[in-house]
Amino acid sequence: VPTMGAGWCPPGMLGIGIGGTAEKAMLIAKEALIIETLKREEEAFTKTLDAGMLVFLRGIAHADDLIIGGDINIDGHVLNPTILGDGTVIRGKGLKKSPEGVFLGGKKVDPNLPDGGVIRSNTELKNISGPVAFELYDTYGFPLDLTEVMARELGLTVDTAGFEKCMEEQRARARAAQKKEIISLSELTTTAPTAFSGFDDRETEASVLEVVQIKNRTAIILDRSVCYAEMGGQVGDTATLNGGGSLWQITDTQKSGPTWLHFIGEENDDPPLPGQSVTLNLHTARRAAIQRHHSVTHLLHWALREVLGETVSQKGSFVGPDKLTFDFASGAMTPEQITEVDRLVNERILENTSVSWQELPFTEVKGRPGILQFFGDKYGDLVRVVQIGGTPGALDGYSMELCGGTHVRATGEIGSFRIVSESAVAAGVRRIEAIAGLEAYYNVRGIIKSYKRLADLLKAQTNDLENRVSSLLEEKKELDESVKYWRQREGSDYVEKFCKPELIGSVPAWIHILDLKKSGIVLVQNVLDGLKIQDFQGVAVLAGTDSINSVQLASYVSPEFRATLPAGKIISAVAPLVGGKGGGKPDSARGGGRDATGLSAALAKARELIAAGKV
């Protein structure tokens, strides 16, 4: 069995040997969770191993024997080394001291004998029965060959035939107790409430009551649980489930009425059986992150009422390990109000005031000033009041709400808080997304790293970054103005050089093909601008094929012809002939297509429309 000394990963060593920096960063970010999980799994395994060793010792002892762990020192006389280092089998039960001497199991200890005359010799011990070997395998994960080795060291044997009989009986029970598939939660057989002890405990022994399949997800129903089931906006807990030498990952916890559903991961093909004894271990690091976000949600609600007024009312919330969201009825917040709320919450965190809770009859708190409560008709006879500040139990905190979720014990455990965004989700309803604890730390570290990278790119100091960006934006503005001038100049010069209008009917018209493969499609807009600058009078239709052989179309119409020959309608009429579409305003329009073979037909159609004098 690996111990902390043999297989332990010391803090700060995670990520060594990982190939990519992204994977290494992810592992380092989750270092505390990984280390805690390893420690929890090792502790759980050690407990299981110790319990199994006791079963082994009772299996080789007689019914009225006494099992004593560790060495036995009686009046300075140490008896023989203990069996397998885990316990000593004493003939009979009971330990008694009298003037006549010390008696173990009803026999007087003889200090002249190495074993005191009370420890059973190996030849007096019982062989391991099939049911005991099966219990070691099924409940404590001892492989049969391990049990045989342990027995052989004491000169004992194992009833393997009896073991195989027990295995077959279990297979028969498993076939008879296959997990049933249900369509709705109303089909659950179990209706007994799940005993929840997760406010105070992080581990519990439990019995499997039912295993069900719900929409391709397997759920385990236990008689008791330390996992918080999703409700009130708080997500369900995750955990590990141990039993019979198997390990299952609980990926989510939901509830159906008073019954908790523990969903296991898809990688777990064989769930535990109804009636099986299991141990449930909460993922405490994840729960702690959820609690930080839940308690800070109460602080956020308090701060919003301080800044925006007591008319602020909660409309919904989400509390998870990575973030929180809080929906409330209000108008849009100003940047100054957001900053003030952020400041107030962090001030309360630094005060490290107590967070307490108590259960009271709803009639005692209903309508009581200072205790926030929502959807009153949904509360039961007994409610839980979560209080921040004040004296625990006195209902005198600055924040008091009816809440059934899990929370930190003091605001200082939250660490830090940061509002990420404030936005609208519905008419008159705003949403704040925020982060707390390590998530807030990682967020700020990420922003700082981005600032440093940006400063390096701009060759500036981080404290001078704002000035550097402002200077670059001003330079860009000047360049944009310069580019605009030269483009207009190019278009104006082009029109002055190439525009030779002709009369088509009674309309002055310029139908022209642009060389876009040489000048680029930017020439189209430049020429349109040039027509405006040169005060062109008439109808202009421009066309050309670009570097990828697509057709570009454009039209400009002077004011006196826009009513009868609007540019948008001209382009809409000719664009289909080049396999495209287009349109625009009466004075100016753009379009295009992919069929360059239709270019001549498109220009001919434009001539036809202009000749008709109306589109």
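In case you missed it, the structure is sitting above this.
The sections below set out a description of the structure shown in this document. Please read these numbers as outputs of a predicted model, since none were measured by experiment.

Points about the overall build of the protein chain
Here's step 1: Of regular secondary structure, the protein chain possesses 15 helices and 29 strands.
Here's step 2: Burial analysis of the protein chain (615 residues in total) assigns 43% to the buried set.
Here's step 3: Sequence separation of at least 24 residues holds for 63% of the intrachain contacts in the protein chain that already meet a minimum separation of 6.
Here's step 4: By element, 53% of the accessible surface of the protein chain is carried by carbon and sulfur atoms, the whole surface being about 32,000 Å².

Details of the pattern of salt bridges
Here's step 1: Tallied over the entire structure, the rule returns 14 salt bridges.
Here's step 2: Here Arg343 makes a salt bridge to Glu347, at a shortest N to O gap of 2.3 Å. Of this pair, Arg343 and Glu347 both sit in helix α8 (residues 335-351), 4 residues apart, roughly one helical turn.
Here's step 3: A relative accessible area of 36% places Arg343 in the partly exposed class.
Here's step 4: In the salt-bridge network here, residues are joined through shared partners; they are Glu340, Arg343 and Glu347.

Some words on the side chain of His301
Here's step 1: Among the structural elements, His301 can be located in helix α7 (residues 284-308).
Here's step 2: The exposure class assigned to His301 is buried, which follows from its relative accessible area of 1%.
Here's step 3: Setting aside its immediate chain neighbours within four residues, His301 contacts Val312, Gln314, Phe326, Leu372, Phe374 and Glu401.

As for unusual backbone geometry
Here's step 1: In this structure, Lys459 is a non-glycine residue whose phi angle is positive, near 55°.
Here's step 2: Looking at the element boundaries, Lys459 is found in the loop between α10 (438-458) and α11 (465-498).
Here's step 3: By relative accessible area, which is 75% here, Lys459 ends up exposed.

Observations concerning α11
Here's step 1: If you check α11, its first and last C-alpha atoms are 49 Å apart, about what 34 residues at 1.5 Å a residue would give, namely 50 Å.
Here's step 2: For α11, the complete set of buried residues consists of Leu465, Gly491, Ser492, Tyr494 and Val495.
Here's step 3: On the buried face of α11, the contacting elements are α10, β25 (507-513) and α13 (522-533).

So, a nonpolar patch on the surface
Here's step 1: Together, Leu454, Leu457, Val469 and Leu473 line one region of the surface with nonpolar side chains, adding up to about 360 Å² of accessible area.
Here's step 2: Within the residue set of the nonpolar patch, elements represented by two or more residues are α10 and α11.
Here's step 3: The topology assignment puts Leu454 in helix α10.

Examining α7
Here's step 1: Taking 1.5 Å as the rise per residue, α7 with 25 residues should run 36 Å; its terminal C-alpha atoms sit 36 Å apart, in good agreement.
Here's step 2: Of all 25 residues in α7, 18 are buried; the element is thus mostly enclosed.
Here's step 3: Following α7 by one or two positions, Gly309 has its phi on the positive side, about 110°.

Examining the sheet that holds strand β26 (residues 539-545)
Here's step 1: Taken together, the 6 strands give an open sheet; going across it, the order is β24-β25-β26-β27-β29-β28, and neighbouring strands pair in mixed fashion. Either end of the sheet is taken by a strand with one partner, and the two such strands are β24 (502-504) and β28 (581-584). Each strand of the sheet is rotated relative to its neighbour by a mean of 20°, with strand direction disregarded.
Here's step 2: Sitting on the sheet, α13 touches β25, β26, β27 (551-557) and β29 (588-593), and the angle it makes with β27 is about 10°.
Here's step 3: Its contacts with the sheet place helix α14 (residues 567-574) against β26, β27, β28 and β29, and it is angled at close to 150° to β27.

Some remarks on the pairing of strand β10 (residues 203-214)
Here's step 1: Pairing of β10 with strand β16 (residues 277-282) involves 5 bridges; the strand directions are antiparallel. Across the sheet, the residue bridging to Glu203 is Asn281, located in β16.
Here's step 2: Looking at chain direction, β10 and strand β11 (residues 217-222) are connected through 6 bridges and run antiparallel. Within β11, the position partnered with Val211 by the bridge is Ile220.
Here's step 3: If you look at the hairpin formed by β10 and β11, you'll find 2 residues sitting between the two strands, and Lys215 has a positive phi there, around 50°.

Some thoughts on the sheet that holds strand β23 (residues 429-436)
Working definition: the strands of a sheet are paired by backbone hydrogen bonds and lie parallel or antiparallel to each other.
Here's step 1: The 4 strands are arranged β17-β18-β23-β22 in an open sheet whose pairing can be described as antiparallel. If you trace the sheet from one side to the other, it starts and ends with β17 (313-319) and β22 (417-426), each paired once. For this sheet, the mean inter-axis angle between neighbouring strands, taken without regard to orientation, is 20°.
Here's step 2: In the sheet, β17 pairs with strand β18 (residues 324-329) via 6 bridges, with the strands oriented antiparallel. From the neighbouring strand, Ser313 faces β18, where its bridge partner is Ala329.
Here's step 3: Most of the contacts of α7 go to β18, to which it runs at about 30°, and overall it touches β17, β18, β22 and β23.

What about the nonpolar core?
Note that soluble globular proteins tend to have their nonpolar side chains buried in a common cluster.
Here's step 1: Grouped together as the largest cluster of nonpolar side chains are 26 residues, with contacts concentrated most on Val296, Leu300, Leu304, Val341, Val345, Phe417 and Ile432.
Here's step 2: With 6 residues, α7 is the single largest residue contributor to this core.
Here's step 3: Counting 25 residues, the second largest nonpolar core, distinct from the first, contains Leu553, Ile571, Val578 and Ala602.

Let's talk about the environment of Glu230
Here's step 1: Position of Glu230 relative to the elements: it lies in the loop between β12 (224-225) and β13 (239-243).
Here's step 2: Along the chain, Glu230 and Lys255 lie 25 residues apart, while their C-alpha atoms are 6.9 Å from each other.
Here's step 3: With residues near it in sequence (within four places) discarded, Glu230 still touches Val235, Gly236, Asp252, Thr253, Gln254 and Lys255.
Here's step 4: Of note is the side chain of Glu230, whose polar atom sits 2.8 Å from the side chain of Gln254.

Digging into the layout of surface pockets
Here's step 1: The volume enclosed by the largest pocket comes to roughly 990 Å³.
Here's step 2: As for the largest pocket, its lining consists of 31 residues, and the residues nearest its centre are Gly232, Tyr379, Leu402, Cys403 and Gly404.
Here's step 3: Elements that contribute at least two residues to the lining of the largest pocket include exactly α7, β17, β20 (382-388) and β21 (399-402).
Here's step 4: Ranked by the residues each element gives to the lining of the largest pocket, the list is headed by β17, at 5 residues.
Here's step 5: Here the second largest pocket is characterised by a volume of approximately 550 Å³.
Here's step 6: Contributing to the lining of the second largest pocket are 25 residues, with Ala44, Thr48, Thr139, Tyr140 and Asn242 lying nearest its centre.
Here's step 7: At 7 residues, helix α3 (residues 31-60) tops the list of elements feeding residues into the lining of the second largest pocket.
Here's step 8: For the lining of the second largest pocket, the class distribution of residues is 10 nonpolar, 11 polar and 4 charged.

Topic: the packing of α10 against α11
Here's step 1: Where α10 meets α11, the closest approach of the two axes is 11 Å, and the angle between their N-to-C directions is 50°. Put simply, α10 runs oblique to α11. Of the two elements, α10 crosses α11, and the hand of that crossing is left-handed. Seen from α10, the contacting residues are Tyr451, Leu454, Ala455 and Leu458; seen from α11, they are Leu465, Arg468, Val469 and Leu472.
Here's step 2: For the contact of α10 with α11, the class distribution of residues is 7 nonpolar, no polar and 1 charged.

How each quantity is defined
- Residues numbered from 1 in each chain as written.
- Predicted model: local features only at pLDDT ≥ 70, side-chain atom pairs only at ≥ 80, totals over all residues.
- Heavy atoms only, no water.
- Helix = DSSP H or I, 4+ residues; strand = E, 2+ residues; numbered from the N terminus.
- Buried < 20%, exposed > 50% of the residue type's maximum accessible area, 1.4 Å probe, protein only.
- Contact = heavy atoms within 4.5 Å.
- Areas by Shrake-Rupley, 256 points an atom, 1.4 Å probe, with all protein chains shown as cover.
- Salt bridge = Lys/Arg side-chain N within 4 Å of Asp/Glu carboxyl O.
- Expected span 1.5 Å × (residues − 1).
- Patch = residues over 30% accessible without salt bridge, like charges linked within 9 Å, V, L, I, M, F, W, Y side chains within 5 Å.
- Pairing = 2+ DSSP bridges.
- Axes fitted to C-alpha atoms, helices over the stretch in contact; angles between N-to-C directions.
- Core = buried A, V, L, I, M, F, W, Y, C linked by side-chain atoms within 4.5 Å.
- Polar contact = N/O pair within 3.5 Å; in protein donor to acceptor, adjacent residues only side chain to side chain.
- 1 Å grid on protein atoms, 1.4 Å probe; cavity = no way out; pocket = protein on both sides within 12 Å on 5 of 7 lines; lining within 4 Å.
- Points joined across faces, edges and corners; volume = space filled by probe spheres on them.
- Nonpolar A, V, L, I, M, F, W, Y, C, P; charged D, E, K, R; others polar.
- Parallel < 35°, antiparallel > 145°, perpendicular 65-115°, else oblique.
- Left-handed = near helix turned anticlockwise from the far one by under 90°.

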